[in-house]
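Here are the chains, one letter per residue:
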Amino acid sequence: PQPKLRELAGKRLTGYVNWQRGRYLVHDMGMLERITADMLAQDPDHVALTGDLVNIGLEKEFVTAQRYVARIGGPDFVSVIPGNHDAYVRSSYRYMAATTAPWMTGDGAEMPAFPYVRIRDGVALIGLSSGVPTAPLLASGELGEKQRRAFAKVLTEAKEAGHLRVVMIHHPPTRKGASMGRGLRDARQFEKIIASHGADLIIHGHNHRQSVVRIKGPEGDVPVVGVASASALPGSPNHRAAYHLYRLHRADSKVGITMQVRGLLASGAIGDVATETLA
């Protein structure tokens, strides 16, 4: 939406100028519609949106975002976490919570609080919030000590309950996961939590490209997977619009995870890009 002049104070001004100078050519809403339709045609059991529903955190942007999320499905079917653009300025997350709270609320809770936990068919979906307001030209994130302590606790509880653990976070949660000024400030502490408590799969956004790295867990390496933007048109194959389909299963004491990448092909069609066994 067209912002009011008073809404462009501070960081929003640089973001708006960036959009007008060419970022709008990168992200196409028609492509987003095609990606979404293809995703729903695969009949997924659950959908995870790992942040950045909006651009400069305007109140009217979140109204549009809420309509989009609702079209994908209800809160039982879709889980959302904030990205750095969703917390662009101090007021932005308040607008997000007012519009998308049901999709960010854990089982048995009445309002969003992070981390949240949702149990679906033996899988614990653990939603974290790394989106924090930053100065202009910065896009870093942080969990904070309180959220990290609670995160370690829910990882333990989910494992004791026998659930597979899928962690959703916006920023890549590794020390080399993003360029300077764009990374997770407490990535080192996050890695220590996983090394101690473990997880089965960690998914993130933020970098707008497909990536797979692994970090140490108590019972072996844990896959950390980044996804491309669902609306991106240009760029290399790893940057073009895509989404991931994960299939998780347990055989005896072993966990199996496969990832199917579907997205925009060089031909302009949407189809299979890659398939990878993660565990």
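Residues numbered from 1 in each chain as written. Predicted model: local features only at pLDDT ≥ 70, side-chain atom pairs only at ≥ 80, totals over all residues. Heavy atoms only, no water.

Novice: Got a minute to help me understand the overall build of the protein chain in this structure?
Specialist: What the protein chain contains, in helices and strands, is six helices and 11 strands. Expected size for 279 residues packed as a compact globule is a radius of gyration near 19 Å; at 18 Å, the protein chain falls within 12% of this value. When the backbone C-alpha atoms are referred to their principal axes, the protein chain occupies close to 60 × 45 × 35 Å. Within the span of the protein chain, comprising 279 residues, buried residues form 52% of the whole. Counted over contacts in the protein chain with a minimum sequence separation of 6, partners at least 24 positions apart contribute 60%. Surface accessibility of the protein chain: about 13600 Å² in total, with carbon and sulfur atoms responsible for 52%. Separation of charge centres in the protein chain, based on 34 positive and 26 negative side chains, amounts to 8 Å. (Helix = DSSP H or I, 4+ residues; strand = E, 2+ residues; numbered from the N terminus. Rg over C-alpha atoms; globule rule 2.2 N^0.38 Å. Buried < 20%, exposed > 50% of the residue type's maximum accessible area, 1.4 Å probe, protein only. Contact = heavy atoms within 4.5 Å. Areas by Shrake-Rupley, 256 points an atom, 1.4 Å probe, with all protein chains shown as cover. Lys, Arg positive; Asp, Glu negative; His and termini not counted. Charge placed at Lys NZ, Arg CZ, Asp CG, Glu CD.)

Novice: What should I look at first to understand the environment of I119 in this one?
Specialist: Here I119 shows up in strand β3 (residues 116-120). Judged by relative accessible area, which is 32%, I119 ranks as partly exposed. Apart from the residues within four sequence positions on either side, I119 is in contact with D107, A124 and H163.

Novice: In this structure, what is going on with the packing of helix α3 (residues 59-72) against helix α4 (residues 92-100)? I would like to understand it.
Specialist: Pairs of packed helices are described in terms of their axes, by the angle between the two and the distance that separates them. Contact geometry for α3 and α4: axes closest at 9 Å, N-to-C directions at 30°. By the angle class used here, α3 and α4 are roughly parallel. Seen from above, α3 lies across α4 with right-handed handedness. Taking contact as the criterion, the partners of E59, F62, V63 and Q66 in α3 are, on α4, S92, Y95, M96, T99 and T100. (Axes fitted to C-alpha atoms, helices over the stretch in contact; angles between N-to-C directions. Parallel < 35°, antiparallel > 145°, perpendicular 65-115°, else oblique. Left-handed = near helix turned anticlockwise from the far one by under 90°.)

Novice: Before we go on, may I ask you to explain the packing of helix α2 (residues 29-41) against α3 in this structure?
Specialist: Relative to each other, α2 and α3 sit at 25°, their axes nearing to 11 Å. Taken together, the axes of α2 and α3 lie roughly parallel to each other. The element α2 and its partner α3 pack so that their crossing is right-handed. Contact residues: α2 offers L32, E33, T36, M39 and L40, while α3 offers Y68, R71 and I72. Looking at the contact of α2 with α3 residue by residue, the class counts come to five nonpolar, one polar and two charged. (Nonpolar A, V, L, I, M, F, W, Y, C, P; charged D, E, K, R; others polar.)

Novice: So what exactly am I meant to see when it comes to the environment of G10 here?
Specialist: Relative to the helices and strands, G10 is located in the segment before α1 (11-26). The spacing of G10 and P136 is 126 residues in sequence and 7.3 Å in space, taken between C-alpha atoms.

Novice: What's the story with the pairing of strand β6 (residues 201-204) in this structure? I'm lost.
Specialist: Along a regular strand, successive side chains alternate from one face of the sheet to the other. The alternating pattern of β6 places L201 and I203 on one face and I202 and H204 on the opposite face, and all of these are buried. Across three bridges, strand β5 (residues 164-168) lies against β6 in parallel orientation. Within the sheet, the bridge partner assigned to V166 lies in β6 and is L201. Considered for its hand, the β-α-β crossover made up of β5, helix α6 (residues 187-197) and β6 is right-handed. The pairing of β6 with strand β8 (residues 222-226) spans three bridges and is parallel. Of the residues in β8, the one forming a bridge with H204 is G226. (Pairing = 2+ DSSP bridges. Right-handed = clockwise from strand over helix to strand, strands pointing away.)

Novice: Sorry if this is basic, but what is going on with unusual backbone geometry here?
Specialist: Note: most residues except glycine have negative phi, and most peptide bonds are trans. In this structure, P115 follows F114 across a cis peptide bond, with omega equal to 0°. As for its placement among the helices and strands, P115 is situated in the loop between α4 and β3. In this model, D252 sits at a positive phi of 55°, which is unusual for a non-glycine residue. Relative to the helices and strands, D252 is located in the loop between β9 (242-251) and β10 (254-264). D252 sits in the exposed class, given a relative accessible area of 79%.

Novice: Can you walk me through the sheet that holds strand β7 (residues 211-215) in this structure?
Specialist: Within a sheet, neighbouring strands are paired by backbone hydrogen bonds and run either parallel or antiparallel to one another. With mixed pairing, the six strands of this open sheet are ordered in space as β3-β4-β5-β6-β8-β7. Unpaired on one side and paired on the other, β3 and β7 mark the two borders of the sheet. Adjacent strand axes in the sheet meet at a mean angle of 20°, parallel and antiparallel pairs treated alike. Bridge analysis of β3 against strand β4 (residues 123-127) gives five bridges, and the strand direction is antiparallel. When the sheet's bridge partners are listed, R118 is paired in β4 with L125. On top of the sheet, helix α5 (residues 145-160) reaches β3, β4 and β5; it is set at about 155° to β5, its chief contact. Set on the sheet, α6 makes contact with β5, β6, β7 and β8; between it and β7 the angle comes to about 65°.

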